[in-house]
Amino acid sequence: MVEWTDAERNAIATLWSNIDVGEIGPQALARLLVVFPWTQRYFSTFGDLSTPAAIAANPKVAQHGKTVMGGLEIAVKNMDNIKAAYAKLSVMHSEKLHVDPDNFRVLAECISVGVAAKFGPSVFTPGFQEAWQKFLAVVVSALGKQYH
Amino acid sequence: MLSKKEKKLIKDIWERLTPVAEDIGSEALLRMFTSYPGTKTYFSHLDISPGSAHLNSHGKKIVLAIAGGAKDISQLTVTLAPLQTLHAYQLRIDPTNFKLLSHCMLVTLACYLGEEFTPVAHAAMDKYLSAFAAVLSEKYR
């Protein structure tokens, strides 16, 4: 079980309460597809991903970004048992979607950069960054747990 | 591979940030030390507490080197030759740590540039920092 300090729980709760999933999610997924273009391999049915502008305007990217970011709610609501909470999603990503689990780590980096760009240094302090990244790392680990 | 457009974008960003090299550098280092405590082991001989003189001067040094390389990215191996030697034979910092600092540099840039740090700018910067780190570790073995 993961140990969270009060400061970490506070940081994560504060950030989550200020994050608009419909805003940050699409941006994070767009960053992933632009910064790491090989990730587009999983989205061949999404239509035009040929340029950063196309990706930014793509409605399927926006919808999916919102879905994925919204999935973090599971972790926020189950901080003391994130591993179990994501078991089903982990199986799905492995057996149905066949996603290389390293992509979870890379998407988490994109989410952090997006959150930093949105909130700036006075909110996304080094301490908040540490807590947020630890939180995402636990989610990333949980999502990769059921891969065999 | 960096396109001509990307090289110009990188050069312009670092030119603008050179006057605040100390702020950017010290913050990126502080973020790295906070999120990745193992990185502090390379600085046991310095005072790297927030706001310390060592943190500021070290942060400034690193950012000025990165900004210097950005002036002519095609000459990176030539520009970084002395730093290559320093890192390979004296500092011997495990190259995995370059990724950690690069990530914290990206977060710091995102914090300061906000919306301007678009996916395109982020991609170009990530590529540049990766190239910088790769050149830095070239003499390791």
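Residues numbered from 1 in each chain as written. Chains lettered and ligands numbered in written order. Predicted model: local features only at pLDDT ≥ 70, side-chain atom pairs only at ≥ 80, totals over all residues. Heavy atoms only, no water.

Colleague: Quick one: what's the story with the overall build of chain B, residue by residue and with numbers?
Modeller: Each helix and strand in chain B was counted, giving seven helices and zero strands. Reading the helices (α) and strands (β) of chain B from amino to carboxyl end gives α-α-α-α-α-α-α. Burial analysis of chain B (141 residues in total) assigns 46% to the buried set. A separation of at least 24 residues holds for 80% of the contacts in chain B among residues at least 6 apart in sequence. Carbon and sulfur atoms make up 58% of the accessible area of chain B, which amounts to about 7300 Å² in all. The distance from the centre of the 16 positive side-chain charges to the centre of the 13 negative ones in chain B is 6 Å. (Helix = DSSP H or I, 4+ residues; strand = E, 2+ residues; numbered from the N terminus. Buried < 20%, exposed > 50% of the residue type's maximum accessible area, 1.4 Å probe, protein only. Contact = heavy atoms within 4.5 Å. Areas by Shrake-Rupley, 256 points an atom, 1.4 Å probe, with all protein chains shown as cover. Lys, Arg positive; Asp, Glu negative; His and termini not counted. Charge placed at Lys NZ, Arg CZ, Asp CG, Glu CD.)

Colleague: Report on the packing of aromatic side chains, specifying residues and quantitative values.
Modeller: Under the definition given, this model contains eight aromatic pairs over all chains. With 6.5 Å between their ring centres and 85° between their planes, Phe98 of chain B and Tyr140 of chain B make a pair best called edge-to-face. Of this pair, Phe98 of chain B sits in helix α6 (residues 96–113) while Tyr140 of chain B sits in the segment after α7 (119–136); the two residues are 42 residues apart in sequence, bridging distant segments of the chain. Residue Phe98 of chain B is classed as buried on the basis of its relative accessible area, which comes to 12%. Where Tyr128 of chain B meets Phe132 of chain B, the ring centres are 6.0 Å apart and the plane angle is 65°; that geometry is what we call edge-to-face. One end of the pair is Tyr128 of chain B and the other is Phe132 of chain B, both in helix α7 and four residues apart, which spans about a single turn. When its relative accessible area of 0% is taken as the criterion, Tyr128 of chain B is described as buried. The structure contains a cluster of three or more aromatic residues connected by ring pairs, namely Trp4, Trp132 and Phe135 of chain A. When the ring centre of Tyr42 of chain A is taken as reference, the NZ or CZ atom of Arg41 of chain A above it lies at 4.9 Å. (Phe/Tyr/Trp six-rings, centres within 6.5 Å; stacked < 30°, edge-to-face > 60°. Lys NZ or Arg CZ within 6 Å of the ring centre and 35° of its normal.)

Colleague: Please set out the side chain of Arg31 of chain B residue by residue, giving values where relevant.
Modeller: Within the element layout of this structure, Arg31 of chain B appears in helix α2 (residues 21–35). In this structure the side chain of Arg31 of chain B is engaged in a polar contact, spanning 2.8 Å, whose partner is the side chain of Gln129 of chain A. For Arg31 of chain B, the residues in contact, after removing those within four places along its chain, are Pro121, Phe124, Thr125, Pro126 and Gln129 of chain A together with Cys104, Val107, Thr108 and Cys111 of chain B. (Polar contact = N/O pair within 3.5 Å; in protein donor to acceptor, adjacent residues only side chain to side chain.)

Colleague: I'd like a description of the UniProt feature "domain: Globin" (unreviewed entry) in chain B, backed by residues and values.
Modeller: Within this numbering scheme, the UniProt entry marks residues 1–141 of chain B as carrying the feature "domain: Globin" (unreviewed entry). With 70% helix and 0% strand, the stretch residues 1–141 of chain B has end C-alpha atoms that lie 23 Å from each other. (UniProt positions renumbered as here; feature names shortened; annotations may be inferred.)

Colleague: Please set out helix α5 (residues 81–91) of chain B residue by residue, giving values where relevant.
Modeller: Residues and elements named next belong to chain B. All of the buried residues along α5 are Gln84, His87 and Ala88. Seen along its axis, α5 keeps its buried residues to an arc of 90°; they face one direction. Across α5 from its buried face, at more than 90 degrees, point the exposed residues Pro82, Tyr89 and Gln90. In this structure, the buried residues of α5 make contact with α4 (76–79), α6 and α7. Following α5 by one or two positions, Arg92 has its phi on the positive side, about 45°. (Arc of directions from axis to C-beta.)

Colleague: Tell me what's going on with the UniProt feature "domain: Globin" (unreviewed entry) in chain A, and back it up with residues and numbers.
Modeller: The UniProt record marks residues 3–148 of chain A with the feature "domain: Globin" (unreviewed entry), using the residue numbering of this structure. In residues 3–148 of chain A, helix accounts for 73% and strand for 0%; the two terminal C-alpha atoms are 26 Å from one another.

Colleague: Run through helix α4 (residues 59–70) of chain A, naming residues and quoting values.
Modeller: Residue and element names in this part refer to chain A. With 12 residues, α4 should reach 16 Å at 1.5 Å per residue; the first-to-last C-alpha distance of 16 Å fits that figure. Among the residues of α4, Val61, Gly65 and Met69 are the ones counted as buried. One face of α4 carries all of its buried residues, which in axial projection span an arc of 60°. In α4, the exposed positions that point more than 90 degrees away from the buried face belong to Pro59 and Gln63. Of the surrounding secondary structure, the elements contacted by the buried residues of α4 are α1 (6–18), α2 (21–35), α3 (52–57), α5 (72–77), α8 (102–123) and α9 (126–144). The backbone nitrogen of Lys60 has a side-chain oxygen 2.8 Å away, supplied by the residue at the start of α4, namely Asn58. (Expected span 1.5 Å × (residues − 1).)

Colleague: An account of the pattern of salt bridges is needed here, citing residue identities and associated values.
Modeller: Residues and elements named next belong to chain A. One pass over the full model with this rule turns up 10 salt bridges over all chains. For Glu109, the salt bridge is made with Arg105, and the minimal N-O distance between the two is 3.1 Å. Residue Glu109 and its partner Arg105 are located together in helix α8, separated by four residues, close to a single helical turn. Using a relative accessible area of 38% as the deciding quantity, one classes Arg105 as partly exposed. (Salt bridge = Lys/Arg side-chain N within 4 Å of Asp/Glu carboxyl O.)

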